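# Breakdown of the fold
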Amino acid sequence: MNNESSLLLVSSSPHIRNTDSVPAAMRDVIIALLPALVASLYFFRMASLKVILTCVVVAVICEVVCRKVMKREASIHDNSAIVTGLLLAFCLPPAVPLWIAGIGAAVAIIIGKQLFGGLGNNIYNPALIGRAFLTAAWPVYMTTWSAPLDGVTTATPLGIIKEAGKLQALGDAGAAQELMKQLPALGDMLIGNIGGSLGETSALALIIGGLYLLYRGHIDWRIPFTYIGTVFILTTIIGLSTGQGMWYPLFHVLAGGLMIGAFFMATDWVTSPITKKGRIIFGLGCGLLTVLIRTKGGYPEGVCYSILLMNTVTPLIDRYTKSRVFGRVKNHA
Amino acid sequence: MNKFTFRGGIHVNGYKEVTNSLETLPANIPDKVYIPLSQHIGSPCSALVKVGDEVKKGQKIGEGKGFVTAPIHASVSGKVSAIETKAHPGGGYVPCIVIENDRKEEWAETVKPCPNPDSLTPEEIRKIVLEAGIVGMGGATFPTHVKYSPNPEKKVEFVLLNGAECEPYLTADHRIMLEKAERIVKGLHYIMKSVNCPKGIIAVEDNKLDAVEVLQKAAQDEKGIEVIPFKEKYPQGSEKQLIYAATGREVPVGGLPLDVGAIVNNVGTAAAIADAIEKGIPLIERIVTVSGTGVQKPTNYLVRVGTLFKDLIEQSGGYTGEIGKVISGGLMMGKTVFTDDMPVIKGTSGIVVLKKEDVKEETEYTCVRCAKCVDACPAFLEPTTLAKLSKMERWEEAEANNALSCIECGSCAYVCPAKINIVQHIRRAKQMIMSAKKKAKK
C-alpha cells in the first residue's frame, strides 16, 4: 500500500500500447520471406544456402561491430540486420562468389544504414545499396546466372528479351526470334523455375509473403498495387502496340525482381513516403522507372534502380503530399 | 461520408466488461469532504464561507469572477473545518474547502423543485445551469452555461449528447445511460430549449446497444430527439470526431462546435442539468468508475464531489498488490496522479489503477517511418513529424505542421511500434508554442 511518503509513478498518456513493436514487425518480414526462402533452397540448393547464410551472418556481424565502433546502443535485437541480409541475398545470382556476397552485405549495413545513423535514419533501402554497389563493382559476377536445379549457366528471362531486342535493332530478326524461343513458360516464371536471382524467381512465393505482410498491416497496399499495376498497364500498352499481346505484360509482371521489389523493398517503412497519396506517387514512379529501364535502358532489369531513385525523392514526396488537417475545409454554407 | 464514424482512430481493447454490468453503488459518504476551489476550465472560485461556518448540502460555497467559471457547492452538510491546499487530479495543489460531515444531510434552502420547468425561458435555464455549477462531466470540465450563450451570428442546429465513452475501462456514462435514461432525455430537452434548437442527437457507441435501447424508449415521446448508435472506434467520444460522425461537418481549426452549428454535452452533464432544473440540485455528485487490474473489486460508484480517491479504492477492496499507476480518467487520455490522497472533482469519470506488472517501461526506438501514427491520427496530422520537431525543439516548424490541432487522443502512441512517447513530445511543443504566443501578445 502506498502512503504519503511514497509518490506514485506519473507519466504521459496514453497508458496503454498495442503489442506491435519494431522487432516483431521485422520478425514478420522474415516470416513473410520464408516461402521465397524455401523456393530458393529448392531451386538453387546449396548455392542458395551458402549465399543466404553469408549475407545474413556478415550483415549481423557488421551491425554489431558498427554500433560498437560508433558507441551507440546495440541494435541487433531489432532484427533488421537479418532482414537486410536476407533481402540482399535474395537479389544476388546463385553463382555469385561468397566473398562478393559478403562485401555486399557489409556495404548494405555499413554504408547503406549505419553511416546514416542506423535503422530509421537511412535514406536508401540498405539491401538495394548493397546490390547496386556490387553491380557497379563486379558486373560480370552479378550478371552470370545459373539455371535452377542443375545449375548450368543460363540467361534470365529479362536478359533474353533484352538481347533479342538488341538483335532486332541490328536487323537480325531471325536470330532474335530464335533467342525468344528460349524464354520460359509463364507458369515456370510464376513458381520460380527459371534463371534469376536467388529469392526473386518465384513470384508465387513472394506474393504469398506479401499478402501476409498486408494481412498483418505492416505494409500499405498502395505501394505494391500501384507499382505492379503501373508496370502492368505500361507493358500492356507496349505489348498491344507491338503486337505481342497480353503475354507481354504478364511476362513483365512475373519477371525479374518486380515482386520482391514491390512487396518487400519499395514498401520499406524507412525509405518510402509516410503519406497515403505519397505512396501512390511512389508506386507510380517505381513502376514507370522500372518499365523505362527494362525497355529503353542498358540494363535488363530496373527494379533496383527505380526504387533507389524513388527513395531519393521520398522526402520531397512527403513534403508535397501532406494531408489537409481536420477542420481545414471550405465549410458548408 | 461513412455514416456515424470518422477517419483515423484505432481499435483498442475496452475492458468494459469489468464493470459495465455492475449497477451503480452509492459510495460511502465520507466524514470529511475536500472541495477544490477550481474544478473547471476558467477562473477559479473564491470561498464564500470561512472556517467554522455551518453549511448545508447543496449550498454555494465558492464563486468565481468573470464569465467562464462555475460555482462550487457543499456536497454534504456540516462545518467548514479548514480551507487548505490539497493535491488535485488536474495536477499540482489547489486550495480546498474542507467540510466536516454532520451526517444530517440537510439541504440548503436554495435547493427546491421548480414548479413548472417547462415555462422557463432560455435565459432562466442558462441561469440555473450556471448557478448549479454544471461543467462538462466527460472530463473537460468546461463551464456548461458558456456553451448556451446566444450568438446572433451562429444558429444552433444540433445538440449532441456524447455517450460514446470510448475510453478503456470507463463505464460511468454507460451506467448513467442505463440507469438514468429519463434524466438524460429530460436534460437534452432543456438544453434544446435553452439554445432554441429543434434537433437533439444522443450518440452512443455501438458496443452499448443496451443503452441505445433504453434511451430510445425514454425518448420516444420527445420530439426531435434521436438516439443513434455510432461505430465503435477510439476516439469516437472526442468532440470534433463526434460532430463529424453525426453531421459530416468539420469544426474548423481553432474553432468551436458552434461554428458548424453544434453544441456537444456529455450524457452525465445532461442528467445533471435535468436535476438542476427540476429539483434545484446543484452538481455535487457523479458516477465514478473505479477499475483496472490494480483494484480488488472494480465498481461504479455514485460519489459525492470531494470524496478522496483512496476512500473509493478502499471501498473497492484496496489495491491488488504493488501499484504501477493510478490514473484519473481512462487509459488513453487519463492523467496519472502522484497520490491517491486527492478528491474526486466534477470531471472525474473514473479512477483506473494498473498493477506494477501492467506498466511496461518501453524502450524508445528511432522512428522507422512506418506511418501507422499518420494513419491513426483523427486530426490528420503527421504525429511522427511533430514528435521529431519537438525533440529538436523546432517549435515554429511544429506550429507550421499544425501541432496545435493535436487533440492528444494518444492514438499515435498507441500504435507506434517504436514505442515513441509521441503525445508527450507533441504536448511539449504545444506548450512551447502557446507560451511563445502569450509572450508575443505582451
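Residues numbered from 1 in each chain as written. Chains lettered and ligands numbered in written order. Predicted model: local features only at pLDDT ≥ 70, side-chain atom pairs only at ≥ 80, totals over all residues.

### Observations regarding the overall build of chain A
A tally of regular secondary structure across chain A gives 14 helices and two strands. Taking 2.2 N^0.38 as the reference for a compact globule, 333 residues should give roughly 20 Å; the C-alpha atoms of chain A span a radius of gyration of 22 Å, in line with that estimate. For the C-alpha atoms alone, the extent of chain A along its principal axes is close to 95 × 65 × 30 Å. In chain A, which comprises 333 residues, the share counted as buried stands at 50%. Of all intrachain contacts in chain A linking residues separated by at least 6 positions in sequence, the fraction that spans at least 24 positions is 72%. (Helix = DSSP H or I, 4+ residues; strand = E, 2+ residues; numbered from the N terminus. Rg over C-alpha atoms; globule rule 2.2 N^0.38 Å. Buried ≥ 20, exposed ≤ 12 C-beta atoms within 10 Å, placed from the backbone. Contact = placed C-beta atoms within 7 Å.)

### Observations concerning the overall build of chain B
What chain B contains, in helices and strands, is 13 helices and 17 strands. Scaling as 2.2 N^0.38, a compact globule of 442 residues should have a C-alpha radius of gyration of about 22 Å, and chain B matches this with 21 Å. Each principal axis of the C-alpha distribution contributes one length, and for chain B these read about 65 × 50 × 50 Å. Here chain B holds 442 residues, and the buried ones make up 58% of them. Sequence-distant contacts, at least 24 apart, represent 73% of the contacts inside chain B between residues at least 6 apart.

### Regarding the nonpolar core
A:Ala89, B:Leu160, B:Ile184 and B:Leu215 are the most contacted members of the largest nonpolar core, which has 231 residues in total. Ranked by residue count, the leading element in this core is helix H1 (residues 22-69) of chain A, at 18 residues. Discounting chain neighbours no more than four positions away, the residues touching A:Ala89 are A:Val51, A:Ile52, A:Cys55, A:Val56, A:Ala101, A:Leu198 and A:Gly199. (Core = buried A, V, L, I, M, F, W, Y, C linked by C-beta atoms within 7 Å.)

### A closer look at the domain arrangement of chain B
How large an interface is tends to be reported as the accessible area lost when its parts come together. Residues and elements named next belong to chain B. Under the domain assignment, chain B is made up of domain 1 (16-20 + 112-279) and domain 2 (372-441). Distance from the C-alpha centre of domain 1 to the C-alpha centre of domain 2: 30 Å. Listed by partner, the interface residues are five residues for domain 1 and five residues for domain 2. (Domains from an automatic or database assignment.)

### Considering the packing of helix H6 (residues 157-169) of chain A against helix H7 (residues 173-180) of chain A
Angle between the axes and distance between the axes: these two values describe a pair of packed helices. Residues and elements named next belong to chain A. Direction vectors running N to C along H6 and H7 enclose 170 degrees, while the axes themselves pass 8 Å from each other. One way to sum up the angle between H6 and H7 is to call them roughly antiparallel. Judged by residue contacts, Ile 160, Glu 163, Ala 164, Leu 167 and Gln 168 of H6 engage Ala 173, Ala 175, Ala 176, Leu 179 and Met 180 from H7. Grouping the amino acids of the contact of H6 with H7 by side-chain chemistry returns eight nonpolar, one polar and one charged. (Axes fitted to C-alpha atoms, helices over the stretch in contact; angles between N-to-C directions. Parallel < 35°, antiparallel > 145°, perpendicular 65-115°, else oblique. Nonpolar A, V, L, I, M, F, W, Y, C, P; charged D, E, K, R; others polar.)

### Here we look at the sheet that holds strand S5 (residues 60-64) of chain B
All names here are of chain B. In space, the three strands of this open sheet follow the order S3-S5-S6, with antiparallel pairing throughout. Each edge of the open sheet carries a strand with a single partner, namely strand S3 (45-47) and strand S6 (72-73). One ladder, built from three bridges, connects S3 with S5; its direction is antiparallel. What sits directly across from Ser 46, in S5, is Glu 63. (Pairing = 2+ DSSP bridges.)

### What to know about the sheet that holds strand S11 (residues 225-230) of chain B
All names here are of chain B. In space, the four strands of this open sheet follow the order S11-S10-S9-S12, with parallel pairing throughout. Each edge of the open sheet carries a strand with a single partner, namely S11 and strand S12 (262-266). This sheet shows a mean twist of 25 degrees between the axes of neighbouring strands, independent of strand direction. Along the sheet face, helix H4 (residues 181-194) touches strand S9 (158-163), strand S10 (200-205), S11 and S12 and points at about 150 degrees away from the line of S9. Relative to the sheet, helix H6 (residues 239-247) contacts S9, S10, S11 and S12, its axis offset from that of S9 by approximately 120 degrees.

### Structural notes on helix H12 (residues 258-265) of chain A
Of all eight residues in H12(A), eight are buried; the element is thus mostly enclosed. Within the span of H12(A), buried status applies to A:Leu258, A:Met259, A:Ile260, A:Gly261, A:Ala262, A:Phe263, A:Phe264 and A:Met265.

### Here we look at the packing of H4(B) against helix H7 (residues 267-279) of chain B
Residue and element names in this part refer to chain B. Contact geometry of H4 with H7 gives a least axis separation of 7 Å together with a crossing angle of 80 degrees. Accordingly, the angle class assigned to the pair H4 and H7 is roughly perpendicular. Contact residues: H4 offers Arg 183, Ile 184, Lys 186, Gly 187, Leu 188, Tyr 190 and Ile 191, while H7 offers Val 267, Ala 270, Ala 271, Ile 273, Ala 274, Asp 275 and Ile 277. For the contact of H4 with H7, the residue count by class is 10 nonpolar, one polar and three charged.

### Observations concerning the interface of chain B and chain A
If you look at the interface, chain B gives 57 residues, while chain A gives 38 residues. Broken down by secondary-structure element, the contributors of at least two residues to the side of chain B that touches chain A are strand S15 (323-328), strand S16 (335-336), helix H12 (411-415) and helix H13 (422-441) of chain B. It is S15(B) that contributes the most residues to the side of chain B that touches chain A, five residues altogether. Here the residues of the side of chain B that touches chain A are counted per class, giving 33 nonpolar, 12 polar and 12 charged.

### A closer look at the confidence of the model for chain B
Caution is warranted with low-pLDDT regions, since their predicted coordinates should not be read in detail. When pLDDT is averaged across chain B, the result is 94; 100% of the residues are at 70 or more. Taken together, the chains of this predicted complex give a pTM of 0.92 and an interface ipTM of 0.90. (pLDDT = per-residue confidence, 0-100.)

### Focus: unusual backbone geometry
Cis rather than trans, the peptide bond between A:Ser13 and A:Pro14 has omega equal to -5 degrees. The topology assignment puts A:Pro14 in the segment before H1. The omega torsion of the bond from B:Tyr234 to B:Pro235 falls at -5 degrees, within 30 degrees of zero and hence cis. Residue position: B:Pro235 is located in the loop between S11 and H6.

### A closer look at the domain arrangement of chain A
All names here are of chain A. Along its sequence, chain A is organised into domain 1 (23-141), domain 2 (161-193) and domain 3 (219-320). The C-alpha centroid of domain 3 is placed 22 Å from the C-alpha centroid of domain 1. Facing 13 residues of domain 1, the contacting portion of domain 3 comprises 12 residues. Mapped onto the side of domain 1 that touches domain 3, the elements with two or more residues apiece are helix H2 (80-90) and helix H4 (126-137). Among the elements that take part in the side of domain 1 that touches domain 3, H4 stands out by supplying four residues, more than any other. A breakdown of the residues in the side of domain 1 that touches domain 3 according to their chemical character gives nine nonpolar, three polar and one charged.

### Observations concerning H4(A)
All names here are of chain A. The terminal C-alpha atoms of H4 lie 17 Å apart, and with 12 residues this matches the ideal 16 Å at 1.5 Å per residue to within 8%. Among all positions in H4, only Pro 126, Ala 127, Leu 128, Ile 129, Gly 130, Arg 131, Ala 132 and Leu 134 are buried. On its buried face, H4 is in contact with H2, helix H3 (98-110), helix H5 (139-142), H12 and helix H14 (303-320). (Expected span 1.5 Å × (residues − 1).)

### A few points about the environment of A:Gly187
Following the sequence through the fold, A:Gly187 ends up in helix H8 (residues 186-191). In the structure, A:Gly187 is positioned 64 residues away from A:Phe251 in sequence and 10.0 Å away in space, judged by C-alpha atoms.

### Quick look at the pairing of S9(B)
All names here are of chain B. Of all six residues in S9, six are buried; the element is thus mostly enclosed. Direction of pairing for S9 relative to S12: parallel, over a ladder of five bridges. Bridging from a neighbouring strand, Asn 162 pairs with Asn 266 of S12. Pairing geometry for S9 and S10, over five bridges, is parallel. Among the inter-strand pairings, Leu 161 is bridged to a residue of S10, identified as Ile 202.

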